[in-house]
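Listed here are the chains, written in short residue letters.
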Amino acid sequence: MMGDSDGDTQPLVGQPKVWTGTLVIAISVAIVGCSLQFGFQTGCMANTQDTLRKAFTDVTDLEMSLMISGVPIGGLFGGLSAGLIADKIGRKKCMLLNNIPILIGTVMMSVGFNEYFFLVGRIFIGFGCGIATGVAPMYLSEISPISIKGAVGVSHQFMITFGILLGFLLSMKQLLGSFSDYWHVYFAFPALPALYQLILLPLCPESPNWLYYNREREDLARAALTKLRNSRSLADEEVDAMIKERTTATSSVMVSYKQLFTDRTLRLTLIIGIALQGAQQLSGVNAILNYGPDILKKAGLSNSDLATGLLGGINVIMTFISVPLMDKLGRRSLMILGQAFMIVSFIGLAIAQKIHNQHPDASWTAPVSVVTIITFIIFFAIGPGSIPWLIIGEIFTAEARGKASSLCVGANWSVTCLLFLPMTSSTKL
């Protein structure tokens, strides 16, 4: 028809859809191959410490603490290099190659000749987790439409919490005691999400933002967006927006590390990103997730494994609930609300633990400890857990996102690393 002269810019099939098949697959590949991996490594040591002490005879508290800290140690280096690597070779190739250290670490941990071999495996897989936590939020932010960017960004944290829950559930005593070599199989689990990513990621488009801003390939960015949106018209609109943004920007050159610290606006944004990431770990969430069973045992709770699984489930549910809350209450309000209730929860837990140590026959300390930990997890999940990962993709421009993300994620892993080593001894207090 004569009136359809612009038909080549219309949807490829039917009307434009926000959630397309290609977009859903690309999101799933990123969060399963990256976010789930990180979550599983966060939760996998909570219930397995006694089993590992039996498998590796004469393991000292320091050696156990180092084994737990292996992931943060590797994650520090991975997190700091994630943005640089992702800017250099692309988000997609970065995620693909990241499966190398993850699979090496998986093999070393599952074989587990001794505690030192296991520790090196933890460091390898930690490096992969550091890369994953840097590149996955970037990729998710850059492939998602504006209307669902928040929901897609939270999917990273959601899958982290799901990975933590899997780590808890698959390491419960009923499974750990099912046969003597079960722990070898358990620590081989990360090979499954790695395989999923290796198979499906080559079929997914590269980040359109990286193609346009880093490679300066408008044609490839347009093609990637056409696949992701299943609509030529929507792809053209987003590419036109990129062109307009770059034309009106004071500089279209990729931002250097020096500029992040010397440019006043970039420096302030960087401080915000680093503060949010550091605060996430300073909240003490890893003490709860990795030493939850020990804390609950010392509080007098008999079935601490079940309680730990419950905590993981609540973390997943509340992260899911946080999606609509972010749109209604805003990021800032949820961060303030979450941090306030987390402080109250930790004060309540400290009081209950102190009283239980002085009066072991005080039966009320166990339920109070459980309630305070559950409250902590609920308010961590709705704000401080999700928002720091999401905000990185929202506050930095495309030219600064890669390097700024490295510094923010590096700050997260730096704090984690500093906090992990003294945790084992602190649980005895």
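All values reported here derive from a predicted model rather than from experimental measurement.

Comments concerning the environment of Gly153
Then step 1. Assignment of secondary structure puts Gly153 in helix 7 (residues 149–169).
Then step 2. Owing to a relative accessible area of 12%, Gly153 belongs among the buried residues under this scheme.

A short note on the pattern of salt bridges
Then step 1. Evaluation of the coordinates by the stated rule reveals 10 salt bridges.
Then step 2. For Lys403, the salt bridge goes to Asp87, with nearest N and O atoms at 4.0 Å. Note that Lys403 is positioned in helix 21 (residues 398–420) and Asp87 in helix 3 (residues 61–89), a separation of 316 residues in sequence.
Then step 3. Here Lys403 falls in the buried class, since its relative accessible area comes to 16%.
Then step 4. Judged by its relative accessible area of 11%, Asp87 is buried.
Then step 5. In this structure, Asp236 and Arg222 form a salt bridge, with 2.6 Å as the shortest nitrogen-oxygen distance.

A short note on the packing of aromatic side chains
Then step 1. In this structure the tally under the stated criterion is 16 aromatic pairs.
Then step 2. Arranged with centres 5.0 Å apart and planes meeting at 75°, the rings of Tyr186 and Phe187 form a pair that is edge-to-face. Each member of the pair, Tyr186 together with Phe187, is buried.
Then step 3. In textbook terms, an aromatic cluster arises when at least three aromatic residues are bridged by ring pairs, as seen for Phe40, Phe56, Phe118, Tyr182, Trp183, Tyr186, Phe187 and Phe189.

Side note on the packing of helix 5 (residues 99–111) against helix 10 (residues 191–200)
Then step 1. In contact at an axis separation of 10 Å, helix 5 and helix 10 are set at 155° when each is read in the N-to-C sense. By the angle class used here, helix 5 and helix 10 are roughly antiparallel. In terms of crossing hand, the pair formed by helix 5 and helix 10 is left-handed. Of the residues in helix 10, those in contact with Asn99, Leu103 and Thr106 of helix 5 are Ala191, Ala194, Gln197 and Leu198.

Remarks on a nonpolar patch on the surface
Then step 1. A cluster of nonpolar side chains, contributed by Leu97, Ile100, Ile104, Val120 and Phe124, occupies part of the molecular surface with about 400 Å² of accessible area.
Then step 2. Mapped onto the nonpolar patch, the elements with two or more residues apiece are helix 5 and helix 6 (115–143).
Then step 3. Here Leu97 is to be found in helix 4 (residues 91–97).
Then step 4. Residue classification places Leu97 among the partly exposed residues on the basis of a relative accessible area of 46%.

Quick notes on unusual backbone geometry
Then step 1. Residue Asp58 is not a glycine yet carries a positive backbone phi of 60°.
Then step 2. Inspection of the secondary structure puts Asp58 in the loop between helix 2 (49–55) and helix 3.
Then step 3. Judged by its relative accessible area of 71%, Asp58 is exposed.
Then step 4. With phi around 55°, Glu216 is a residue other than glycine that occupies positive phi space.
Then step 5. Within the secondary structure, Glu216 is located in the loop between helix 11 (208–214) and helix 12 (218–229).
Then step 6. With relative accessibility at 59%, the residue Glu216 sits in the exposed group.

A look at the packing of helix 12 against helix 13 (residues 232–248)
Then step 1. Close contact between helix 12 and helix 13 brings their axes to 8 Å; oriented N to C, the two are set at 140°. Regarding the angle of helix 12 to helix 13, the classification is oblique. The handedness of the crossing between helix 12 and helix 13 comes out as right-handed. Residues Glu218, Ala221, Arg222, Leu225, Thr226 and Arg229 of helix 12 form the contact with helix 13, whose own contacting residues are Arg232, Leu234, Ala235, Asp236, Glu238, Val239, Met242 and Ile243.
Then step 2. Considered class by class, the residues forming the contact of helix 12 with helix 13 number seven nonpolar, one polar and six charged.

Things to note about the nonpolar core
Then step 1. If you look at the biggest cluster of nonpolar residues, it comprises 93 residues, and the most contacted ones within it are Met45, Leu52, Met67, Phe118, Phe187 and Ile288.
Then step 2. Per element, the largest residue contribution to this core is 12 residues, and it comes from helix 6.
Then step 3. In this structure, Ile288 is in contact with Ile295, Leu311, Phe346, Leu349, Ile373, Phe376 and Ile377, ignoring residues within four places of it in sequence.
Then step 4. Judged by nonpolar contacts, the second largest core, of 11 residues, contains Trp210, Tyr213, Leu225 and Met242.

Describing the confidence of the model for the chain
Then step 1. Per-residue confidence for the chain averages 85 on the pLDDT scale, and 88% of its residues sit at or above 70.
Then step 2. In the model, residues 1–15 has pLDDT below 50 throughout and makes 15 contacts with residues more than four positions away in sequence or in other chains.
Then step 3. For the stretch residues 424–429, pLDDT sits under 50, and the model shows nine contacts to residues farther than four places along the chain or on other chains.

Section: the side chain of Gln37
Then step 1. By secondary structure assignment, the location of Gln37 is in helix 1 (residues 21–43).
Then step 2. The exposure class of Gln37 is buried, given its relative accessible area of 2%.

Structural notes on helix 20 (residues 387–395)
Every α-helical turn comprises 3.6 residues, leaving residues that sit three or four positions apart pointing alike.
Then step 1. Where burial is concerned, most of helix 20 is hidden: seven out of the nine residues are buried.
Then step 2. Of the positions making up helix 20, those classed as buried are Ile387, Pro388, Trp389, Leu390, Ile391, Ile392 and Gly393.

A short note on the side chain of Ser231
Then step 1. In this fold, Ser231 is placed in the loop between helix 12 and helix 13.
Then step 2. According to the relative accessible area criterion, Ser231 is buried, its value standing at 0%.
Then step 3. Within the local environment of Ser231, its side chain forms a polar contact with the side chain of Ser233, the two groups lying 3.0 Å apart.
Then step 4. Side-chain polar atoms of Ser231 contact the backbone nitrogen of Leu234, separated by 3.2 Å.

Rules and cut-offs
Position labels on residues start from 1 in each chain and follow its written sequence. A pLDDT threshold of at least 70 governs which residues receive local features in this predicted model, and a stricter bar of 80 or more applies before side-chain atom pairs are shown or counted, although totals over entire chains, interfaces and linings include all residues. Only hydrogens and water are set aside; all other atoms, that is, all heavy atoms of the structure, feed into the side-chain values. Per the convention used, a helix needs a DSSP run of H or I reaching at least four residues, while a strand needs a run of E reaching at least two, with both numbered from the N terminus. Accessible area is worked out with a 1.4 Å probe on protein chains only. A residue is then buried under 20% of its type maximum, exposed over 50%, and partly exposed in between. Salt bridges, as used here, are contacts in which a Lys or Arg side-chain nitrogen is within 4 Å of a carboxyl oxygen on Asp or Glu. Side-chain rings of Phe, Tyr and Trp (the six-membered ring for Trp) are treated as a pair once their centres are within 6.5 Å; stacked means planes under 30 degrees apart, edge-to-face means over 60, and tilted covers the remaining angles. Axes here mean lines fitted to C-alpha atoms, for a helix over just the part in contact, with angles spanning 0 to 180 degrees between N-to-C directions. For classification purposes, angles smaller than 35 degrees are called roughly parallel, those larger than 145 roughly antiparallel, those between 65 and 115 roughly perpendicular, and all remaining angles oblique. Here a crossing is called left-handed whenever its near helix is offset anticlockwise from the far helix by less than a right angle, and right-handed whenever the offset is clockwise. Residue contacts follow a heavy-atom distance rule, with two residues in contact if any of their heavy atoms lie within 4.5 Å. Each patch is assembled from residues with relative accessible area greater than 30% and no salt bridge, linking like charges that lie within 9 Å and nonpolar side chains (Val, Leu, Ile, Met, Phe, Trp, Tyr) that lie within 5 Å. Per-residue and other accessible areas follow the Shrake-Rupley method at a 1.4 Å probe size, with only the shown protein chains counted as cover for residues. The residue classification treats Ala, Val, Leu, Ile, Met, Phe, Trp, Tyr, Cys and Pro as nonpolar and Asp, Glu, Lys and Arg as charged. All others, Gly included, are polar. We call a set of buried residues a nonpolar core when its members are Ala, Val, Leu, Ile, Met, Phe, Trp, Tyr or Cys and they connect through side-chain atoms within 4.5 Å of each other. On a scale of 0 to 100, pLDDT captures the predictor's confidence in every residue. The definition of a polar contact used here is a pair of N or O atoms within 3.5 Å, where within protein one atom must be able to donate a hydrogen and the other to accept one, and adjacent residues in sequence count solely through side-chain atom pairs.

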